[in-house]
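Reading the structure
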Amino acid sequence: MAKSSKEALKYTRNIGIMAHIDAGKTTTSERILYYTGLTHKIGEVHDGTATMDWMEQEQERGITISSAATTTSWKYKDQTFKINLIDTPGHVDFTVEVERSLRVLDGAIATFCAVGGVEPQSETVWHQADKYKVPRICYVNKMDRSGANFFEVARQIKEMLGARPCLIQIPIGAEDNFKGIVDLIRMKALYWHDETLGADYDVDEIPAELKAEAAEWREKMLETIAEFDDAIMEKFFDDPSTITEDEIHRALRKGTLAMQINPMVCGSSFKNKGVQPLLDAVCAYLPSPLDTDAIVGVDPRDPEKKLVRHPDPDEPFCALVFKIATDPYVGRLSFFRVYSGELQSGSYVYNSRSGKKERVSRLFQMHSNKQNPKDFIGCGDIGAAVGFKDIRTGDTLCDEEHPILLESMDFPDPVISIAVEPKSQKDLDKLSNGLSKLAEEDPTFTVKTDEETGQTIISGMGELHLDIIIDRLKREFKVECNQGRPQVAYKEAITRPVELREVYKKQTGGRGKFADIIVRIEPADKDFEGELQFIDEVKGGNIPREFIPAVQKGFLQAMKNGVLAGYPLNNLKVTVIDGSYHPVDSDQLSFEICAIQAFRHAAEKAGPVLLEPIMKVEVVTPEESMGDVISDLNKRRGQIEGMESNRSGARIVKAKAPLAEMFGYVTSLRTITSGRATSTMSFSHYEEVSPSIARQVLTEVKGRVELIK
């Protein structure tokens, strides 16, 4: 096969598996690796032997933490397809892993549990995939479990996700009797007879009792896909039996790529049923790099100028780094997706963010945490490189002669912090080295030193997130830590407008300092969440143009430390109305300092308030514990937003509650419900704290209580 040929691209699939916790993502990945011949023994999550969950914590807890990438191949219709597969985590604390994987994938397998159906995190990942325009097929797993109901899951996908599931299979039996599937395209039954591994399936006639149902669902499928193919539309009304398999595949592919429909299949990965047809569907309906839109970036030298790169090996090289991992043997691995051109091992690439040229010493194709060395990574492919000195998640790598900057990824701010210190003083260097490596890998994890106490503060997306970080420090970097109480990441805001004049004067020997501004500060407009809305209304050159950016810089700096307790401001609107300057003593620094002082004095009078992170909480509980769960949430200042029943008779309680009250919630929920309830929690928004609680918080952190009215 010619290197980098378009033909190879046509048969490449970059896909991910996304789902709620425990829908069976990793088990499905393991089966895919086994059936495609990459592994010769199936790894199991519950035994801690899964290939894709290679971190020790993943194996012990039976959850996926970091998205693992691997490359494999599958034969479909006499063609060998190359599949780059990313197994993403389902736990809400690790959404960043899902987010950055979806950014570089072309298609996804949305996996659902046949019993649980559409769960809270299924909705989150579904909307993330919508945001990045990733076509997907739906795979209903765990058909062997009691309570499994394929058609009910299809209904939920339609109603709760607003999608259009198109059933291309229906199950033969369910729960203990789940034997196989009816392929509605070929109108044949596929049976997996025994539970032994690698058991091929038999193709047989559809059982008599299912014939009518199969015919009914086939008609629904044809009706759905007729919209995408005029030939099918005509034949559907004239004589549906003349519609060929190829026509059906073509229409299904067209509808999937247009994100109008989602082909839906089922199986039981754990019992090795249904995985081969799932792989066929991936090859048949999910996009190749050639089917995706050309990627758009900007010229780093002129951000107004838009640039386009097509998935073509002959175009200039352009790739996006979507993950950084530390490997004990090869060092720092940067995972990237090539959008155009190709990358040779030993060549130089240009990093648009840092503006530096770097040499790529070695290239790898990944298989979970093992590497296969490669001479080059071609267009449309996913690979990993070693040798970068300065690299971050979201960096664009490109050709120095044709620089381009792709849109980086936005990551949410951390909402919870704890102080950590090594148990012995000699581990101090090991701790800071470990933390800086982990922060490089994970953009939602931050490390800072508290200037007043000298403590090291780590922040993340939830208690589990920080638990895993501490655990990884112990195992990978051999550092034992003491940790403080979890702290909430509060923010501050102002509630009313204040106008004031600030004059900054300093006379020293020689040149003095002078700046004079009249400003109005007030809460920002709705669209400016988390930023500074800056308006310049100075007329007639009272403040020279070149000093205005310094005023803006001063306010940006000042927003990082509010007047109550030094928490950052959520947003701020600043209007510079007027001012004056001194022809000799005024300079940019004077205006910057003047702006910082103006903020301090104005914010004190502008009704400062404390904001706290509010979490979206969903609890799935047996009916009999519902009263206790609700009264416990009420005690935690929670607001119940709704209750509904799921299929298995459990109740789902939806609430919003302040993070400050939710520490250790998982443990107390277990106690209340004798371990029968589960909960998920994710950040929702910031909200003002009542004055009485604000006073308590400020007293604890030695904030300025007197400013709370």
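These remarks concern the structure in this document. No experiment lies behind these values; they were computed from the predicted model shown. (Residues numbered from 1 in each chain as written. Predicted model: local features only at pLDDT ≥ 70, side-chain atom pairs only at ≥ 80, totals over all residues. Heavy atoms only, no water.)

**Side note on the pairing of strand S4 (residues 107-113)**
- Extensive coverage of S4 is indicated by the burial of seven of its seven residues.
- Residues Gly 107, Ile 109, Thr 111 and Cys 113 point to one face of S4 and Ala 108, Ala 110 and Phe 112 to the other, with burial holding for every one of them.
- Inspection of the sheet shows S4 paired to strand S5 (residues 136-141) by six bridges, in the parallel sense. Bridge pairing links Thr 111 to Tyr 139 in S5.
- Handedness of the crossover joining S4 and S5 through helix H5 (residues 120-131): right-handed. (Buried < 20%, exposed > 50% of the residue type's maximum accessible area, 1.4 Å probe, protein only. Helix = DSSP H or I, 4+ residues; strand = E, 2+ residues; numbered from the N terminus. Pairing = 2+ DSSP bridges. Right-handed = clockwise from strand over helix to strand, strands pointing away.)

**Digging into helix H10 (residues 275-285)**
- Taking burial as the measure, the eleven residues of H10 include ten buried ones, the bulk of the element.
- Where H10 is concerned, the buried positions are Val 275, Gln 276, Pro 277, Leu 278, Leu 279, Ala 281, Val 282, Cys 283, Ala 284 and Tyr 285.

**Quick notes on the packing of aromatic side chains**
- For the structure on display, the rule yields eleven aromatic pairs.
- Over the aromatic face of Trp 217 sits the side chain of Lys 220, whose NZ or CZ is 4.0 Å from the ring centroid.
- Above the face of the Tyr 348 ring, Lys 357 is positioned so that its terminal group lies 5.1 Å from the ring centre. (Phe/Tyr/Trp six-rings, centres within 6.5 Å; stacked < 30°, edge-to-face > 60°. Lys NZ or Arg CZ within 6 Å of the ring centre and 35° of its normal.)

**Considering the environment of Gly 24**
- Take Gly 24: it is sitting in the loop between strand S1 (12-19) and helix H2 (25-35).
- Separated by 118 residues in the primary sequence, Gly 24 and Lys 142 have C-alpha atoms spaced 7.6 Å apart.

**Some points on the sheet that holds strand S31 (residues 498-506)**
- Strand order in the open sheet formed by four strands is S31-S32-S34-S33, with mixed pairing between adjacent strands. At either margin of the open sheet sits one strand with a lone partner, and together these are S31 and strand S33 (532-536). Taken pair by pair, the neighbouring strands of this sheet meet at an average axis angle of 25°, ignoring direction.
- Taken together, the seven bridges between strand S32 (residues 513-522) and strand S34 (residues 572-580) define a ladder with antiparallel strand orientation. The partner of Ile 517 across the bridge, within S34, is Gly 579.
- Against the sheet, helix H13 (residues 548-559) engages S32, S33 and S34, with an angle of about 155° to S33.
- The strands touched by helix H14 (residues 588-605) within the sheet are S31, S32 and S34, with S32 carrying the most contacts at an inclination of about 40°. (Axes fitted to C-alpha atoms, helices over the stretch in contact; angles between N-to-C directions. Contact = heavy atoms within 4.5 Å.)

**A look at the nonpolar core**
- Formed by 77 residues in total, the largest nonpolar core has its most connected members in Ile 109, Phe 112, Ile 157, Ile 225, Leu 252 and Met 264.
- Considering each element in turn, this core owes the most residues, eight residues, to H10.
- Apart from residues no more than four positions distant in its own chain, Phe 112 is found in contact with Ala 23, Gly 117, Val 118, Ser 122, Trp 126, Cys 138, Tyr 139, Val 140, Asn 141, Val 153, Ile 157 and Leu 161.
- With 75 residues, the next largest nonpolar core counts Ile 418, Ile 543, Val 563 and Tyr 665 among its residues. (Core = buried A, V, L, I, M, F, W, Y, C linked by side-chain atoms within 4.5 Å.)

**Let's talk about the packing of helix H15 (residues 626-635) against helix H16 (residues 665-672)**
- At a closest axis distance of 10 Å, the pairing of H15 and H16 adopts a crossing angle of 145°. Of the two possible hands of crossing, H15 and H16 adopt the one that is right-handed. Judged by residue contacts, Asp 628, Val 629, Asp 632 and Leu 633 of H15 engage Tyr 665, Ser 668, Leu 669 and Ile 672 from H16.
- Of the residues that constitute the contact of H15 with H16, the class distribution is five nonpolar, one polar and two charged. (Left-handed = near helix turned anticlockwise from the far one by under 90°. Nonpolar A, V, L, I, M, F, W, Y, C, P; charged D, E, K, R; others polar.)

**Thoughts on the pattern of salt bridges**
- Counted under the stated rule, the structure contains 38 salt bridges.
- The salt bridge involving Arg 337 is made with Asp 106; its shortest N-O contact spans 2.9 Å. Residue Arg 337 is located in strand S15 (residues 331-340), and its partner Asp 106 is located in the loop between helix H4 (95-104) and S4; the two are separated by 231 residues in the primary sequence. As far as burial versus exposure is concerned, Arg 337 and Asp 106 are alike and both buried.
- In this structure, Arg 485 engages Glu 700 in a salt bridge whose closest nitrogen and oxygen atoms are separated by 3.4 Å. Taken as a pair, Arg 485 in the loop between strand S28 (481-483) and strand S29 (487-488) and Glu 700 in helix H17 (residues 691-700) lie far apart in primary sequence, 215 residues in all. There is no split in this pair, since Arg 485 and Glu 700 are both exposed.
- Taken together, the shared-partner salt bridges in this structure form one network comprising Arg 353, Lys 356, Asp 390 and Asp 395. (Salt bridge = Lys/Arg side-chain N within 4 Å of Asp/Glu carboxyl O.)

Nothing here speaks to function; it is geometry throughout.
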